[in-house]
There are 8 protein chains.
Amino acid sequence: VQEKISSARYDETSRLIHIEGHYQPKLDGLVGVLCAGTGDLPVAEEAVGTLEVMGAQVERIYDVGVAGLHRLLAFRSTLRRCNVLIVVAGMEGALPSVVAGLTDAPLIAVPTSVGYGASLGGVAALLTMLNSCANGVAVVNIDNGFGAAAFAAAILRNQNDIKEETTDTHG
Amino acid sequence: VQEKISSARYDETSRLIHIEGHYQPKLDGLVGVLCAGTGDLPVAEEAVGTLEVMGAQVERIYDVGVAGLHRLLAFRSTLRRCNVLIVVAGMEGALPSVVAGLTDAPLIAVPTSVGYGASLGGVAALLTMLNSCANGVAVVNIDNGFGAAAFAAAILRNQNDIKEETTDTHG
Amino acid sequence: VQEKISSARYDETSRLIHIEGHYQPKLDGLVGVLCAGTGDLPVAEEAVGTLEVMGAQVERIYDVGVAGLHRLLAFRSTLRRCNVLIVVAGMEGALPSVVAGLTDAPLIAVPTSVGYGASLGGVAALLTMLNSCANGVAVVNIDNGFGAAAFAAAILRNQNDIKEETTDTHG
Amino acid sequence: VQEKISSARYDETSRLIHIEGHYQPKLDGLVGVLCAGTGDLPVAEEAVGTLEVMGAQVERIYDVGVAGLHRLLAFRSTLRRCNVLIVVAGMEGALPSVVAGLTDAPLIAVPTSVGYGASLGGVAALLTMLNSCANGVAVVNIDNGFGAAAFAAAILRNQNDIKEETTDTHG
Amino acid sequence: VQEKISSARYDETSRLIHIEGHYQPKLDGLVGVLCAGTGDLPVAEEAVGTLEVMGAQVERIYDVGVAGLHRLLAFRSTLRRCNVLIVVAGMEGALPSVVAGLTDAPLIAVPTSVGYGASLGGVAALLTMLNSCANGVAVVNIDNGFGAAAFAAAILRNQNDIKEETTDTHG
Amino acid sequence: VQEKISSARYDETSRLIHIEGHYQPKLDGLVGVLCAGTGDLPVAEEAVGTLEVMGAQVERIYDVGVAGLHRLLAFRSTLRRCNVLIVVAGMEGALPSVVAGLTDAPLIAVPTSVGYGASLGGVAALLTMLNSCANGVAVVNIDNGFGAAAFAAAILRNQNDIKEETTDTHG
Amino acid sequence: VQEKISSARYDETSRLIHIEGHYQPKLDGLVGVLCAGTGDLPVAEEAVGTLEVMGAQVERIYDVGVAGLHRLLAFRSTLRRCNVLIVVAGMEGALPSVVAGLTDAPLIAVPTSVGYGASLGGVAALLTMLNSCANGVAVVNIDNGFGAAAFAAAILRNQNDIKEETTDTHG
Amino acid sequence: VQEKISSARYDETSRLIHIEGHYQPKLDGLVGVLCAGTGDLPVAEEAVGTLEVMGAQVERIYDVGVAGLHRLLAFRSTLRRCNVLIVVAGMEGALPSVVAGLTDAPLIAVPTSVGYGASLGGVAALLTMLNSCANGVAVVNIDNGFGAAAFAAAILRNQNDIKEETTDTHG
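### Structural notes on the overall build of chain A
A tally of helices and strands in chain A yields six helices and seven strands. In chain A, the order of α-helices and β-strands from amino to carboxyl end is β-β-β-α-β-α-α-β-α-β-α-β-α. Counting only residues that meet the buried cut, chain A has 60% of its 171 residues in that class. Across chain A, the fraction of contacts at a sequence separation of at least 24, relative to all contacts at a separation of at least 6, is 64%. With the model as given, the accessible surface of chain A reaches about 6600 Å², and the carbon-plus-sulfur share is 49%.

### A short note on the side chain of T112 of chain H
Residue and element names in this part refer to chain H. Tracing the backbone through its elements, the reader meets T112 in the loop between β6 (107–111) and α5 (123–130). The buried category is assigned to T112, whose relative accessible area is 1%. In this structure the side chain of T112 is engaged in a polar contact, spanning 3.3 Å, whose partner is the backbone nitrogen of G90. In this structure T112 touches D40, V43, V88, A89, G90, G122, A125, I142 and D143, once residues within four positions along its chain are discounted.

### A short note on the relation of the copies chain B and chain G
Its rotation angle being 90°, the transformation that places chain B on chain G also includes 0.1 Å of axial translation and leaves an RMSD of 0.0 Å. Taken together, these values place the two copies in the relation of a four-fold axis. Among all C-alpha atoms of chain B, that of L120 of chain B lies closest to the rotation axis, at 7.4 Å.

### Concerning the interface of chain B and chain G
The interface is formed by five residues belonging to chain B together with four residues belonging to chain G. Counting each side, the surface lost to burial between chain B and chain G is near 350 Å², with a carbon and sulfur contribution of 59%. Between chain B and chain G we count zero salt bridges in total. At the boundary of chain B with chain G, the tally comes to three residue pairs in polar contact (both at pLDDT 80 or more). Partitioned by chemical class, the residues of the side of chain B that touches chain G number three nonpolar, two polar and no charged.

### Considerations on the relation of the copies chain A and chain B
Relative to chain B, chain A is turned by 180° and slid 0.0 Å along the rotation axis, the superposed coordinates differing by an RMSD of 0.0 Å. With respect to symmetry, the two chain copies, as superposed, fit the operation of a two-fold axis. An overlap of 100% is found between the interface residues of chain A and their copies at the interface of chain B, pointing to a shared contact surface.

### Some words on the pairing of strand β4 (residues 57–62) of chain D
Residues and elements named next belong to chain D. With six bridges connecting them, strand β3 (residues 30–35) and β4 associate as parallel partners. Looking at β4, one finds that V33 is bridged to R60. Handedness of the crossover joining β3 and β4 through helix α1 (residues 41–53): right-handed.

### A look at the pattern of salt bridges
Residues and elements named next belong to chain A. Taken as a whole and judged by the stated rule, the model has 28 salt bridges over all chains. Across the pair E45 and R60 runs a salt bridge whose closest N-O atoms are separated by 2.7 Å. With E45 in helix α1 (residues 41–53) and R60 in strand β4 (residues 57–62), this residue pair connects regions lying 15 residues apart in the sequence. Assessed through its relative accessible area of 41%, R60 is described here as partly exposed. Note that D63 and R71 form a salt bridge whose closest N and O atoms lie 4.0 Å from each other. Looking at R71, the relative accessible area reads 35%, which means it is partly exposed.

Reading the values: the criteria
Residues numbered from 1 in each chain as written. Chains lettered and ligands numbered in written order. Predicted model: local features only at pLDDT ≥ 70, side-chain atom pairs only at ≥ 80, totals over all residues. Heavy atoms only, no water. Helix = DSSP H or I, 4+ residues; strand = E, 2+ residues; numbered from the N terminus. Buried < 20%, exposed > 50% of the residue type's maximum accessible area, 1.4 Å probe, protein only. Contact = heavy atoms within 4.5 Å. Areas by Shrake-Rupley, 256 points an atom, 1.4 Å probe, with all protein chains shown as cover. Polar contact = N/O pair within 3.5 Å; in protein donor to acceptor, adjacent residues only side chain to side chain. Least-squares fit on C-alpha atoms with pLDDT ≥ 70 in both. Buried area = accessible area lost by both parts, 1.4 Å probe. Salt bridge = Lys/Arg side-chain N within 4 Å of Asp/Glu carboxyl O. Nonpolar A, V, L, I, M, F, W, Y, C, P; charged D, E, K, R; others polar. Pairing = 2+ DSSP bridges. Right-handed = clockwise from strand over helix to strand, strands pointing away.

Have a look at this one:
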C-alpha cells in the first residue's frame with residue numbers, strides 16, 4: 001500500500017494504515033484511552049489511531065491494571081479532565097468498573113480476546129463489562145477498538161453541535 | 001411507599017417510583033427513546049423515567065419495528081433532532097443497527113429478555129447488538145433501561161460542561 | 001478436475017465447480033439472492049450457482065446492508081417481483097427481518113460465519129434470524145448457501161407441479 | 001373473550017382463539033403437518049389452526065416418531081401429495097431429516113421445547129434440524145408453530161400467484 | 001513404527017496401528033458398526049479396528065444415512081443378527097434413534113465432529129443422541145470410536161462369562 | 001390410580017407406579033445400581049424399579065461418594081459380581097470413572113440435575129461422564145434412570161439370547 | 001429444629017442453624033470476609049457462620065464495591081492483618097482482583113448468583129474470577145460460602161500444624 | 001535467552017525458563033503436586049517449577065488417575081505429609097475430589113485443556129472441579145499451573161508469618 005499512496009503510514013501496534021493530510025477538522029473535548037496489559041495494546045492503539053483520524057484529542061493512560069491500583073489512582077486528575085473514556089481490558093475485564101467509579105464521564109468498555117482457558121476468547125471480559133455495577137458504562141464487541149472510537153467521536157461531534165447552537169444563542 | 005412519602009408516584013409500566021420535586025437542574029440536549037414491540041415498553045419506560053429524574057428532555061418513538069420500516073422512516077427528522085438515542089429491542093434485536101444508519105448521534109442499544117425459544121432470555125438480542133455493523137452503537141446489559149439512561153445522561157452532562165467551558169472562552 | 005472434465009469451470013467466489021450442459025429444465029419463478037457485506041459473497045454465490053444448476057432464474061441484490069437503508073429501499077420493486085428470497089448475512093444478521101417487512105414472498109435466511117468476537121462463528125446471526133419478528137422467515141445452517149438454494153428450488157419445483165395440475169384443470 | 005365476540009372459539013390443544021367467518025379465500029395446495037409425541041401436539045395444532053385461518057388445506061400426520069418407522073412409512077403416499085410439509089419434533093428432533101428423505105416438497109422443521117436434561121429447552125432439537133443432511137429443510141424458532149404456518153402459507157400464496165400468471169399466459 | 005515392529009500395520013482410514021498375532025481369544029456374539037457419511041468413516045473404522053484387536057466379530061453397515069431410509073431398511077435382517085450395535089453419526093446425529101427402532105440390541109451412539117456451523121464441533125450430534133426417544137441407546141464422547149468398541153467388548157465379554165457359568169450349571 | 005388398579009403400588013422415592021404380577025420372566029445376570037448422595041436417590045430408584053419390572057436382579061450400592069473412597073472400596077467384591085453397572089451421580093459426576101476402574105463390566109453413567117451454580121442443571125456431571133478416561137463407560141441423558149435401566153436390560157436380554165444359542169450348541 | 005435442640009439458633013441472613021457449645025478449639029490466624037452489595041450478604045454470612053463454627057476468627061469488611069474504591073482503600077490496614085481472605089461478589093465479580101492487589105494473603109473468590117441478564121446466574125462473575133490477573137486467587141462454586149469457609153479453615157488448620165511442629169523444633 | 005543469561009536453563013516439559021541463584025529464601029511446609037495422565041505433565045511441571053523458584057519444597061505424585069485407584073492409594077501417607085496440594089487433571093477432572101477425600105490439607109485444583117470432543121477445551125474439567133462435593137477444594141483457570149503455585153506459595157508464606165509471630169510469643 002505504502003508504494004501506491006505516498007502519505008500512507010502503517011502502524012505496527014494498531015495494525016492501522018494512516019493517510020496523512022486527510023483528517024477531519026478538530027473536535028473539542030478530550031478522550032482518555034486506558035488499558036492494563038501489553039496484550040491489550042493493539043486494540044487500544046486501534047482506538048487511538050481511529051480517534052486521531054477523526055480529529056479527536058487523545059490521552060493515553062496505559063499499564064493501569066486493577067491488581068496495582070496505585071498506578072491507576074495516580075492518573076485520577078487526568079481521568080477527570082477527559083470528556084469520554086475508552087477502557088480496554090482482556091482477561092477478567094474488571095478495569096472499566098473501577099475506572100467508572102473515579103469519574104462521571106461516559107465510559108466505553110472494550111473487551112479483548114486476550115486470555116486463555118476460561119476467558120473463552122473474550123466472552124468472560126465481555127460479560128464482566130455488561131454486568132458492571134458502575135453507572136455510565138456501555139460496551140462494544142470484543143476487540144472492537146474501532147467501534148469504541150467511532151462511538152466516542154459521535155459523542156464529541158454531538159457535543160460540538162450543541163455547543164455551536166448554544167454559543168449562537170448565548171454568544 | 002406512597003403512604004410515607006406524599007410526593008411519591010408509582011408508574012406501573014416502568015415499575016419506577018418517582019419522587020416529585022427532587023429533580024436535578026435541566027440538561028441541554030434531547031434523548032430519543034425508541035422501541036418496537038409492546039413487550040419492550042417496561043424497559044423503555046424505565047429509561048424514560050430515569051432520564052426525566054436526571055433532568056433530560058425525552059422524545060418517545062414507539063412501535064417502530066424493523067419489519068414495518070415505513071413507521072420508522074416517518075420519524076426520520078425527529079431522529080435527527082436527538083443528541084443521544086436509546087434503542088430498546090427484544091427478540092432479534094435488529095432495531096439499533098437500522099436506526100444507527102439513519103443518524104450520526106451516539107446510540108445506546110438495550111436488549112430485552114422479551115422473546116422465547118432461541119431468544120435465550122435476551123442473549124440473542126444482546127449478541128445482535130454487539131455485532132452491529134453500524135457505527136456509533138454501544139450496548140448495556142439485558143433489560144438495563146436504567147443503565148442506558150445513566151449513560152445518556154453522562155453524555156449530556158459532559159456536553160454541558162464542554163459547552164460552558166467553550167461559552168466562557170468564546171462568549 | 002478441469003483437466004479431466006473439459007466442461008468443468010471453477011468459480012473462485014462461490015468455490016463451486018460448474019459442469020456445463022448438465023442443467024435441469026428451467027423452473028418458473030424468480031429467486032432473489034440478497035447480501036450486505038463483501039464477506040458474505042461466497043455464501044451468496046454458492047446459493048446463486050446452485051440455483052442456476054437447478055434451472056432457476058436468479059436476481060442478485062448485493063451490497064444492501066441494514067445500516068444503509070436507502071440502497072435496500074431502491075430495490076423494492078425488484079424484491080416484489082421475486083417468488084422466493086434468499087437473504088445472506090453475517091455479523092448481526094438483521095437483514096432478513098428488514099427484507100421480510102418489504103415483501104410477502106417466503107424468505108430463507110442464511111447466517112454466515114463472517115464476523116469476530118461476539119459473532120461466535122455465526123451463532124449470533126443464526127439466533128437473530130431464528131428470532132425474527134417478521135412473518136415468512138425460515139433459517140438454514142450457518143454458511144449453508146447450498147441448502148438455501150435447494151430449499152428455494154423445492155419451492156419453485158412444487159409451484160410448477162401445482163401450476164401444471166391447475167393448468168390442466170383450468171387450461 | 002368468548003363473551004365479547006360470539007363467533008370466537010378457544011381451542012385447548014393449540015391455545016388459539018378462532019374467529020369464525022373471517023377466513024381468507026382458499027389457497028391451492030396441501031400442507032402436511034407431522035409430529036411424533038403427544039407433547040408436541042400443542043405446537044402442531046398451533047400450526048394447523050393458523051393454516052386453516054389463512055385458508056390452507058391441512059393434512060394431519062401424527063404419532064409418527066422415528067423410533068417406529070413403520071408408522072411413518074405407512075403415510076408415504078399421503079406425504080407425496082403434500083405441497084409443503086411442517087414437521088414438529090422435540091427431544092432429539094430427528095423426524096424432519098427422515099421425512100425429507102421421503103419427499104421432495106419443501107419442509108419446515110419446528111423444534112419444540114419438549115424434553116428434559118440435555119434437551120436444553122429445545123436447543124438440542126433446534127441444532128439437529130439446522131444440521132439436517134437432507135435437502136429442502138429450513139427451520140423456525142423453538143415452539144414457533146405460528147411462524148411455520150405463516151411460512152407455509154407464503155409458499156402457497158406465491159404458488160397461486162405464479163399459477164395465475166402462467167394460467168394467463170398459457171391458458 | 002513399522003520399521004521397529006515387523007508385524008505392525010498402519011491403517012489409513014482408522015489411523016490405528018495393528019500388531020498382528022497379539023489378539024485376545026475370540027468373543028462370542030456379533031457387533032454391527034453403522035455409519036452414514038464418508039466423513040464418519042475414520043471413527044467407524046477406529047471402532048472396527050479396536051473390536052477386531054479385542055477378538056470380536058464385526059459386521060460393517062455403511063452408507064445408511066437417515067435421508068435415504070431404503071438403504072438402511074435393506075439391512076434389517078443383518079441388524080437383527082447383531083448382539084450389540086455401534087452407530088456413528090455426525091451432522092444432526094439422527095441415525096441411532098432410527099436404528100434403535102429396528103432392533104432391541106443395546107446400541108452405543110458415537111457422535112462425530114463432522115459438520116460445520118451449528119454442528120458446533122459435534123455437540124449438536126451429541127445432544128441429539130442423548131435426547132434419543134428410542135430405548136436402549138447410550139452415548140460416548142465425540143469421535144470416541146475406541147470407547148464405543150471398548151464398551152461393546154465389555155458387553156460381549158460379560159455375555160461370555162455368564163454363558164460359561166450357565167454352561168457349567170446346565171451343561 | 002391405586003383406586004382403579006388394585007395391584008398398583010406408588011413408590012415415593014422413584015415416583016414410579018408398580019403393577020404387581022405383570023413382570024416379564026426373570027433375566028440371568030445381576031445389575032448393580034450405585035449412587036452417592038441422597039439427592040440422587042430418586043433417579044437411582046427409578047432405574048431399580050424399571051429393572052425389577054423388566055425381570056432383572058438388582059443390587060443397590062448407595063452412599064458411596066468419591067470423597068469417601070473407603071465406603072466404595074468395601075463393596076469391591078459385590079461390584080465384581082455385577083454383570084452390568086448403573087452409576088448415578090450429580091454435582092461433579094466423578095463416581096462412574098472411579099467405579100469403572102474397579103470392574104470390567106459395562107457401566108452406564110447417569111448424570112443427575114442435583115447441584116447448584118456451576119452444575120448447570122446436570123450439564124457439568126454429563127460432561128464429566130462423557131470425558132471419562134476409564135474404559136467401558138457410556139452415558140444417558142440427565143436424570144434418565146429409565147433409559148439406563150432399559151439399556152441394562154437390553155444387555156441382559158441379549159446375553160440370555162447368546163447363552164441359549166450356545167447352550168443349545170455346547171449343552 | 002429449635003424446639004428439639006435448645007441451643008440451636010437460626011440466623012436469617014446466612015440461613016444457617018448454629019448449635020452453641022459445639023465449636024472446635026480456636027484456630028490461630030484471622031479470616032477477612034469481604035463483599036460489595038447487600039445482595040451478596042447471605043453468601044458472605046454463610047461463610048462467616050461456617051468459619052465461626054470451625055473456630056476461626058473473622059473480620060467482616062462489607063459494602064466495599066469496586067465502583068467506590070475509597071471505601072475499600074480505607075480498610076487497607078485491616079486487609080493486611082488477615083491471613084486468608086474470602087471475597088464474595090455477584091454481578092461483574094471484579095472485587096477479588098482489586099483486593100488481591102492490596103494484599104499477599106491467599107484469597108478465595110466466591111461468585112454469587114446476584115445479577116440479571118448477562119450475569120447468567122453467576123456464570124459471569126465466576127468467569128471473571130477464574131480469569132483474575134492478580135496472583136493468589138482461587139475460586140469456588142457459585143454461592144458456595146460454605147466451601148470457601150471450609151477451604152479457609154483448611155489453610156488455618158494446616159498453619160497451626162506447621163506452627164506446632166516448628167515450635168517444637170525451635171522452641 | 002540462554003545465550004544472554006548464562007544461568008538460565010530452559011525446561012522443555014514445563015516450558016519455563018529457570019534462572020539459577022535467584023531463588024527466594026526457603027519456605028516451611030511441603031506442597032504435593034499430583035497429576036494423572038502424561039498430557040497434564042506440562043501444567044504440573046509449570047506448577048513445580050514456579051514453586052521451586054518461590055522457595056517451596058515439592059513432592060511430585062504423578063500417574064495417579066482415578067481409573068486406577070491402587071496407584072493413588074499407595075501414596076496415602078505421602079499425601080498426609082503435604083501441607084498444600086495442587087491436583088492437575090484434564091478430561092473429566094475427577095482427581096481432585098478423590099484426593100480431597102484422602103487428606104484435609106487445602107487442595108488447589110487445576111483443570112487442563114487436555115481432552116477432545118465434549119471436554120470443550122478444559123471447560124468440562126473446570127466444571128467438575130467447581131462442583132466437587134469434597135471439602136477444601138478451590139479452583140484456578142484452565143492450564144494455570146503458575147496461578148496454582150502462586151496460591152500455594154501464598155498459603156505457605158502466610159503460615160510462615162503466623163509461625164514467626166507465634167514463635168516470638170511462645171519461644
